[in-house]
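Read off the chains here:
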Protein chains: 8
Amino acid sequence: MKSNDIKKLLKMVANGELAIDEATAKMSTHLDFGEVKPDTSRGERLGFDEVIYGKSKTVDQITNIASKYIESNLNFVCTGLDEAKLTELQKKFPNFTFNNEARMMKNILKPASRKMSTVAIITAGTSDMFVASEASEMLDICGIDSNIYADIGVAGIHRFFSVKDEIAKADVIIVIAGMEGALPSITGGMFAQPIIAVPTSTGYGAALQGFTALFAMLSSCANGVTVVNIDNGFGAAMSAIRIINLLEK
Amino acid sequence: MKSNDIKKLLKMVANGELAIDEATAKMSTHLDFGEVKPDTSRGERLGFDEVIYGKSKTVDQITNIASKYIESNLNFVCTGLDEAKLTELQKKFPNFTFNNEARMMKNILKPASRKMSTVAIITAGTSDMFVASEASEMLDICGIDSNIYADIGVAGIHRFFSVKDEIAKADVIIVIAGMEGALPSITGGMFAQPIIAVPTSTGYGAALQGFTALFAMLSSCANGVTVVNIDNGFGAAMSAIRIINLLEK
Amino acid sequence: MKSNDIKKLLKMVANGELAIDEATAKMSTHLDFGEVKPDTSRGERLGFDEVIYGKSKTVDQITNIASKYIESNLNFVCTGLDEAKLTELQKKFPNFTFNNEARMMKNILKPASRKMSTVAIITAGTSDMFVASEASEMLDICGIDSNIYADIGVAGIHRFFSVKDEIAKADVIIVIAGMEGALPSITGGMFAQPIIAVPTSTGYGAALQGFTALFAMLSSCANGVTVVNIDNGFGAAMSAIRIINLLEK
Amino acid sequence: MKSNDIKKLLKMVANGELAIDEATAKMSTHLDFGEVKPDTSRGERLGFDEVIYGKSKTVDQITNIASKYIESNLNFVCTGLDEAKLTELQKKFPNFTFNNEARMMKNILKPASRKMSTVAIITAGTSDMFVASEASEMLDICGIDSNIYADIGVAGIHRFFSVKDEIAKADVIIVIAGMEGALPSITGGMFAQPIIAVPTSTGYGAALQGFTALFAMLSSCANGVTVVNIDNGFGAAMSAIRIINLLEK
Amino acid sequence: MKSNDIKKLLKMVANGELAIDEATAKMSTHLDFGEVKPDTSRGERLGFDEVIYGKSKTVDQITNIASKYIESNLNFVCTGLDEAKLTELQKKFPNFTFNNEARMMKNILKPASRKMSTVAIITAGTSDMFVASEASEMLDICGIDSNIYADIGVAGIHRFFSVKDEIAKADVIIVIAGMEGALPSITGGMFAQPIIAVPTSTGYGAALQGFTALFAMLSSCANGVTVVNIDNGFGAAMSAIRIINLLEK
Amino acid sequence: MKSNDIKKLLKMVANGELAIDEATAKMSTHLDFGEVKPDTSRGERLGFDEVIYGKSKTVDQITNIASKYIESNLNFVCTGLDEAKLTELQKKFPNFTFNNEARMMKNILKPASRKMSTVAIITAGTSDMFVASEASEMLDICGIDSNIYADIGVAGIHRFFSVKDEIAKADVIIVIAGMEGALPSITGGMFAQPIIAVPTSTGYGAALQGFTALFAMLSSCANGVTVVNIDNGFGAAMSAIRIINLLEK
Amino acid sequence: MKSNDIKKLLKMVANGELAIDEATAKMSTHLDFGEVKPDTSRGERLGFDEVIYGKSKTVDQITNIASKYIESNLNFVCTGLDEAKLTELQKKFPNFTFNNEARMMKNILKPASRKMSTVAIITAGTSDMFVASEASEMLDICGIDSNIYADIGVAGIHRFFSVKDEIAKADVIIVIAGMEGALPSITGGMFAQPIIAVPTSTGYGAALQGFTALFAMLSSCANGVTVVNIDNGFGAAMSAIRIINLLEK
Amino acid sequence: MKSNDIKKLLKMVANGELAIDEATAKMSTHLDFGEVKPDTSRGERLGFDEVIYGKSKTVDQITNIASKYIESNLNFVCTGLDEAKLTELQKKFPNFTFNNEARMMKNILKPASRKMSTVAIITAGTSDMFVASEASEMLDICGIDSNIYADIGVAGIHRFFSVKDEIAKADVIIVIAGMEGALPSITGGMFAQPIIAVPTSTGYGAALQGFTALFAMLSSCANGVTVVNIDNGFGAAMSAIRIINLLEK
């Protein structure tokens, strides 16, 4: 609740227009589903309701939460679902939409209005596609169009140059890479837009489950590259949305 | 060099308006100072010339580079200078401007035009001020105004709330915190703007020289927070500049 | 055996009231079940008999130990049981009580007397519930009432404020959080009670299986927060019990 | 500010007894010294004003803060001062009290009332004394008496037994150990009181600057041992104070 | 081949008693089974033939090697076998001896002569038993008697004291502990014999899969404790055998 | 595309012999299979077409790529296939050649010409054979003969000496070792050829899944040993091929 | 105090030959110098009085302890002294003996009787000499002769073979190596004696300040190699002394 | 000593042409300077005598070794010398040649014959120059010419392209980069020659003192890139020499 709104309430209390207990109740900004308390102010703030992270929840927990969202007529989005969970949940919620490559399910009751800004999503290899899909799907839910440029990693740098002009048209660039994570450095040195780098857990041994790419991106010699958590396509999309919200304000 | 410009050159070559050797020369986009090769396309791209990172260079190397920048009439900015280097360089370049808290020196010949967008810089503790100063100074060089809100960490969360309305007016938020690095999570949950988190090396033992704050920020439960390297106020500013450049386009 | 008791025994030996061999036997303070040697002095000391940690034991080992506890008429509590073990053990010990969310089984023959002090258990997310359950169950076994305040993490800090007054009534606070582990810092800055922080393995990538939360809690800028091992709801309860035992003495 | 106090203010506003701006001002719970904002509610909460951590601050920053504390007539305590800083500050503040072993300086204007509860501080070796001193000094500032039992580590366990009865009389036990950090396990197995373990950076190689002791204490087979950051004697004292405040309520 | 034996061969060559090619052949000290080349000099050196480490080998590889040992009439010992491999191999080699707790199989054709020296094997918890079994079994194969003292960890230190006199009779002590790995420090402070510490992977979170115990043992404040790899009961036995071989020479 | 070729194209454009759009098209050096973009210039450069890394791809992805290679009449090689994938793929591509020990499948339409240089592949233990097989198979695909010398690790150093003269005949030496990774140091001290060391994930506990061998090889006291990623037999072969290509030029 | 001695005391108490308070006093096995409590039972147990580790103590603390040892007429040995401390202490204790290479000082009042067993100390490089010196000096203090074989690392393995026969005569072998730490594997494969490996902090980058050598030694493919902490020449000597004490019993 | 030479000696012994003791002496392949034992076979094998690593040696140790090399008339090369050591040694050995940027000193009595093959040395930034210098100096000592291409890192990839054709002429490529270490991937994707990557400790925070670059290079998506230790310009040169020796054979 904003400072101005608080002042308004205080004035109403001062004027006797509002009971003190009611004033207290009005400060509540979340639903209470017991163990889950969706943040309803988020929709206002970022343009979509709270998203459920499915990886650390059981199918029972997810089912329970989804049911409450249905009852409350809220948009429902759940990420991080492995194949087993997707299969089980598909049976329980046949009306929901499932994107297996993005490891997501959704039930969109109130679609977002389409934005004018666009996002370019670049991946170093085909093994990074699941992260790109998650980002792309999440952007779409928020009304933002994106293009994926897959498998254009640095070892064959001419592949990158062939799509350079297309990428230049986007407002924000998301760069996804595992292994040595070098792609954001090249990208940062070539484009002026905001760049969000996503390390992936692709690779083995010295790739350290994505930490080598993470640290490489944080150490990038290109200026102004920012980074999100390993495999976090969702977070990259959220970051792009914050920028685009600002842009379209 | 953009694809269109290449096409133009090709047409000129095709028309005999341009010699082949000259066409080759025109593709050069950097100065060559021997061991240093400033990227002149960067000024065009990001709005400022290449910045020198002084930490891993000797005073002799920095002096040498600065002299070449003076000869070439380029803006010169050098970051990451410890007290000893600042003292020595101040003697060698008495006409340059020094910001000891930000650990920078600069020689601005062509000031950037002022931008309309602003940045809020938040720090958890007073020990994080040197990073905030570096970010603020760098933004100023690029024509962007910023306000620093210092020492409003999470252990006394009411301090944060008292400046909440002011922070809400900025276009981009930079959050700087060491130790447990919790401030970006709170900030992300409260504001809709793009948020750039900077972990600092403040703390001891389990603070892991800033890695605990870094990992905490990457794992933030707040959506769309992006992160730069430890103590990297410069990088946070660069990231903000990319967003503001987009905004003011 | 306390120094005074030893003196008493020595006096009895001096007076010929006790044979030397008998004196030796009296110093034994544990049962000997072969590979397991329950510490019978613990019951006296902490108010409950030794608890078995089931995670690193086979079903056969647990069955064997439980049988000996039954024979010896001792309270039996076993923690850290995954679903497979719970299912198998439920068949073998149908009279025992099972708490699947807490991953525990118990057979309480002599219930603890109820204490007057209470504990507030706070969790950042729903994925931390299994740790909260373990703590709550263990406190209950020792006669202590607790309330769980779930899913009130820092990204939606207003959820926390809505239960602030209730939490303030508890004597000890247990704070459970994964990912960036920021909740104990907020809690420590707001309450004066003893605070026991439990990092959980919730999260991925930079969350480092709970180590980011662990290190963040140890680096907390809030004063006097103490920490136990990752996912260690049992240990947090034990620590609370030590404080409450002191309080009720 | 407590919920009840807020209600009171609201009533006063409702009754026209308090202007809205004044009501806002009354919610401020911190002083604003610019880059430092001492938390005045802490004194009320924990029984002492905010303590300055000197390690990550320059002598100039500390001098500046101390001067403002003097002006505001506040108790001033600063920890984590190395020998060089202590020497410089001793010249600047000759009226302050310095404890070089504890690496602290203080200026106590309003001494705390003495508490009845006591703390036992145990150290494994003489190299851990500086941490014990910091804890002891901090407890004393808050009105709590403590005894230090030094150099009674596990390799000569009989030394421990000789002071066992004395330790048993304390209300809270702080155990300080570096290297393998085994002392808290022994202590936890022998006493029923709350136990706060402090790992120290004593040792070399595999001692990992205190992380081996830290992890060992977190993995302790003794029940209910809690842990604070490496070398954090201050934090251990704060944790003991929270328990004793509860006890003396 | 020892220097003296080489001299002998050289003399025989000098005297024409040995052909040069034969001399070359005599230098061969290993059998060649293709991908496996058992070291036949080891039996001479350490009192037993080479032992196969089964963990990183497939059942086919083990079967193949075992068959060649049978053909060559060599003692066969294989360690590190999980339950699945043990079951499969038991079917293939019904005449071999299997010790499931020790995760070993053996086929002893030429039993070792019994030694007079003995080994005490101490474990902190019941979860460490599989390591103790491996050590005990391996010692037995080499003709050495050992006693296991299980579950006498430091949290109930009186359990340790009750078997102190028995342990004192052994020539070498093997101490096995997971979690905080404190037992070797106590043991080292109490006995004068050679002490071989074995960290185990027992524990979770901060126990770091045995690395906390490993580092704690290496940092032990007790003098002259030596350490082997995590869970390496075999290596501890081998080290004890080297000492006992020296003793019985 | 080489600088000279670009000059040629430019001349053709200048002479009107080539349309500008066609010139653009000629710069394309990769096929575009959508999510996969094989680098056709690689065959020219290194003597074989792009190799697919199967570990991070699903069977569907691999099947899809393989089909496109068949259509395009390209040599197809896929590495890093576990048993389950090998079994599935064997059914889908019965005409391909499978090497289960090397974890590879291939479909060679245009075999490489045989080279004169040879490679010696040394392994420390039998558990390292899968890496040796991968290297050997990959060399064979590129027309290079190799010999594997298995199980000649440093603990039985005489085994190494018995094949020393044979190894000395090879042009390049690949040394494969897990655990302590000592074999490259011995090898480097004995031979003058280029030496490529491959750490393997063989071992447990302190072997750190191959990182101990990796770090040991990087720290080798032998001069001029180079290292590739853990278990990376493919990379070692590629490195040898670069050297042999140079040699046979 | 041994069980038998306790029984004796109990009998004396039973017979009235010993007062209860005196019996208590007789159980004291340590001197109490305040912050230092030397373990007098250690001399009996291991053949020398407690050794002071100087690295984590100030010159004042060491001076204080040394003075008390002089007063008590005890052998004094202090290790881990850097050059600055050695210089200062040499002035304060001109009658003590200093070994700068070993970083030790000593004041031996009652020399140990000479033992018949000997120790071979092997180092990989000259940079490891300070550790070898510490071990050698410590062995000498305990009456044991040792020979140092320096700079015979694995990259020039023939150097090792030239001293093989001499090493074979020793009863115990201490192997000291930094960098890749391969020497213990070779040694373990060649000799039957007890082998104590000491990793050193020699090397850079991937040598990880001695941890690569440490982990390599723990992972050694040679059987029965035991390991002590990094740079811990003292601990290696102590371990050898335990073995030799057993041997000479 | 090669197998053939051994056979020759054996024949001479057989023929009575050589005494047995003399035969033994002839097997010695190293000089013995006490604590240093230079490997004289190395000169034969790799084309230069043993090089001294100065970092872990004192000025006294280096002086001592250098003097013995002078007496023995051997080429002397010492690397890893910091400024303080260089200054001191310059005074002691005024006739030696010093290269401060490469941190080396040398005394070449018998210069190597010049080779025909050349090496390209590429650096990402000017801060990597000291490593490039070390490699270049070492190659020169061994008779190999090299060119350094400095400051052509990936963030300004056009700088790289401008020297592409020159680099293509070299026989071996050494690529030196710190921070994210991306340059070897680009290089490997563009050239067919052997590529030796050297990570440097340039960078801060997430650059992990060179480990991020090291792991990135090991994880490179470019085929056949090999890696040496951090900052190890010497090792890279040695590896190039092994390849060029093979080439010029």
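Computed from a prediction, not measured in an experiment: that's the story for all the values here.

1. Quick word on the interface of chain B and chain A
- At the interface, 39 residues of chain B touch 39 residues of chain A.
- Taking both partners together, chain B and chain A bury about 3100 Å²; carbon and sulfur atoms supply 55% of that area.
- Taken as a group, N223, R242 and L246 of chain B account for 24% of the area that chain B buries against chain A, more than any other trio of residues on that side.
- The interface formed by chain B and chain A holds zero salt bridges in total.
- Taken together, the elements giving at least two residues each to the side of chain B that touches chain A come down to α3 (40-46), α8 (164-167), α9 (183-190), β8 (195-199), α10 (211-218), β9 (225-227) and α11 (233-248) of chain B.
- Ranked by residue count, the leading element in the side of chain B that touches chain A is α11 of chain B, at eight residues.

2. Section: the sheet that holds strand β2 (residues 76-79) of chain G
All names here are of chain G.
- With mixed pairing, the four strands of this open sheet are ordered in space as β1-β2-β4-β3. Looking along the sheet, the strands with just one partner apiece sit at the ends: β1 (52-53) and β3 (97-99).
- Strand direction decides the pairing type here: β3 and strand β4 (residues 104-107), joined by three bridges, are antiparallel. The residue of β4 that forms the bridge with T97 is K106.
- Contacting β1, β2 and β4, helix α4 (residues 59-71) crosses the sheet at an angle of about 160° to β2.

3. Section: the domain arrangement of chain A
All names here are of chain A.
- Along its sequence, chain A is organised into domain 1 (31-107) and domain 2 (118-247).
- Computed from C-alpha coordinates alone, the two centres of domain 1 and domain 2 are separated by 25 Å.
- With 13 residues of domain 1 at the interface, the matching set in domain 2 holds 14 residues.
- Summing both partners gives a buried area of about 1200 Å² for domain 1 against domain 2, and 65% of it is carried by carbon and sulfur.
- For the interface between domain 1 and domain 2, the tally reads one salt bridge.
- Across the pair K106 and E137 runs a salt bridge whose closest N-O atoms are separated by 2.4 Å.
- Taken together, domain 1 and domain 2 are joined by three residue pairs in polar contact (both at pLDDT 80 or more).
- For the side of domain 1 that touches domain 2, the elements supplying multiple residues, two or more each, are α3 (41-46), β2 (76-79) and β4 (104-107).

4. Brief notes about the pattern of salt bridges
- Under the defined criterion, the tally for this structure stands at 32 salt bridges over all chains.
- R114 of chain F is the salt-bridge partner of D145 of chain F, the closest N and O atoms lying 2.9 Å from each other. With a gap of 31 residues between them, D145 of chain F in strand β6 (residues 145-149) and R114 of chain F in the loop between β4 (104-107) and β5 (118-123) connect regions that are remote in the sequence.
- You can call R114 of chain F partly exposed: its relative accessible area is 46%.
- Measuring nitrogen to oxygen at the nearest pair gives 3.1 Å for the salt bridge that ties R114 of chain H to D140 of chain H.

5. Brief notes about the interface of chain H and chain A
- The partner chain A presents 22 residues to the 22 residues of chain H that form the contact.
- In this assembly, chain H packs against chain A so that about 1900 Å² is buried in total across both faces, 74% of it on carbon and sulfur atoms.
- Of all residues in chain H, A155, E180 and S219 of chain H give up the largest surface area on contact with chain A, accounting jointly for 28% of the area buried on that side.
- Summed over the shared surface of chain H and chain A, the result is zero salt bridges.
- Counting the contacts that link chain H with chain A gives eight residue pairs in polar contact (both at pLDDT 80 or more).
- Counting residues per element, the ones that place at least two in the side of chain H that touches chain A are α7 (157-162), α9 (183-190) and α10 (211-218) of chain H.
- Residue composition of the side of chain H that touches chain A, grouped by class: 16 nonpolar, five polar and one charged.

6. Thoughts on helix α4 (residues 59-71) of chain E
All names here are of chain E.
- Taking 1.5 Å of rise per residue, the 13 residues of α4 would be expected to cover 18 Å, and the 18 Å separating its terminal C-alpha atoms lies within 8% of that figure.
- Restricting attention to buried positions, one finds in α4 the residues V59, I62, T63, I65, A66 and Y69.
- Those residues of α4 hidden inside the fold are in contact with β1 (52-53), β2 (76-79), α5 (83-92) and β4 (104-107).
- Looking one or two residues past α4, N73 carries a phi angle of roughly 60°, positive in sign.

7. Things to note about the relation of the copies chain B and chain A
- Expressed as a screw operation, the relation of chain B to chain A combines 0.1 Å of axial shift with a rotation of 180°, fitting to an RMSD of 0.1 Å. Taken together, the rotation angle and the small translation identify this as a two-fold axis.
- Both copies present the same face, since 100% of the interface residues in chain B are matched by interface residues at the equivalent positions in chain A.

Reading the values: the criteria
Counting restarts for each chain, with residues numbered from 1 along the sequence as it is written. Written order determines the labels here, with chains lettered from A and ligands numbered from 1. Reporting in this predicted model follows two pLDDT cut-offs: at least 70 for local features of residues, and 80 or more for side-chain atom pairs to be given and counted; totals over whole chains, interfaces and linings ignore these cut-offs and use all residues. Side-chain figures throughout are based on the complete set of non-hydrogen atoms in the structure, without hydrogens or water. What makes two residues a contact is simply this: any of their non-hydrogen atoms within 4.5 Å. By buried area we mean the combined loss of accessible area, with a 1.4 Å probe, across both parts when two parts are placed together. Salt bridge, as used here, is a side-chain nitrogen of Lys or Arg placed within 4 Å of a carboxyl oxygen of Asp or Glu. Runs of E in the DSSP output that reach at least two residues are strands. Runs of H or I that reach at least four are helices, and both are numbered from the N terminus. Only strands joined by at least two bridges in the DSSP assignment are considered to pair. Note on method: axes are straight lines fitted to C-alpha atoms, helices fitted across the in-contact stretch only, with angles between N-to-C directions ranging 0 to 180 degrees. For each domain, the first and last residues come from an automatic or database assignment. Within 3.5 Å is the distance limit for a polar contact, defined as a pair of N or O atoms, with the added protein rule that one can donate a hydrogen and the other accept it, and that residues adjacent in sequence qualify only through two side-chain atoms. Relative accessibility thresholds used throughout: buried, under 20% of the residue-type maximum; exposed, over 50%; partly exposed, between the two (1.4 Å probe, protein chains only). Each residue gets one of three labels, nonpolar for Ala, Val, Leu, Ile, Met, Phe, Trp, Tyr, Cys and Pro, charged for Asp, Glu, Lys and Arg, and polar for the others, Gly among them. Every helix has an expected span of 1.5 Å times one less than the residues it contains. We superpose the copies by least squares over the C-alpha atoms of residues that have a pLDDT of at least 70 in both of them.

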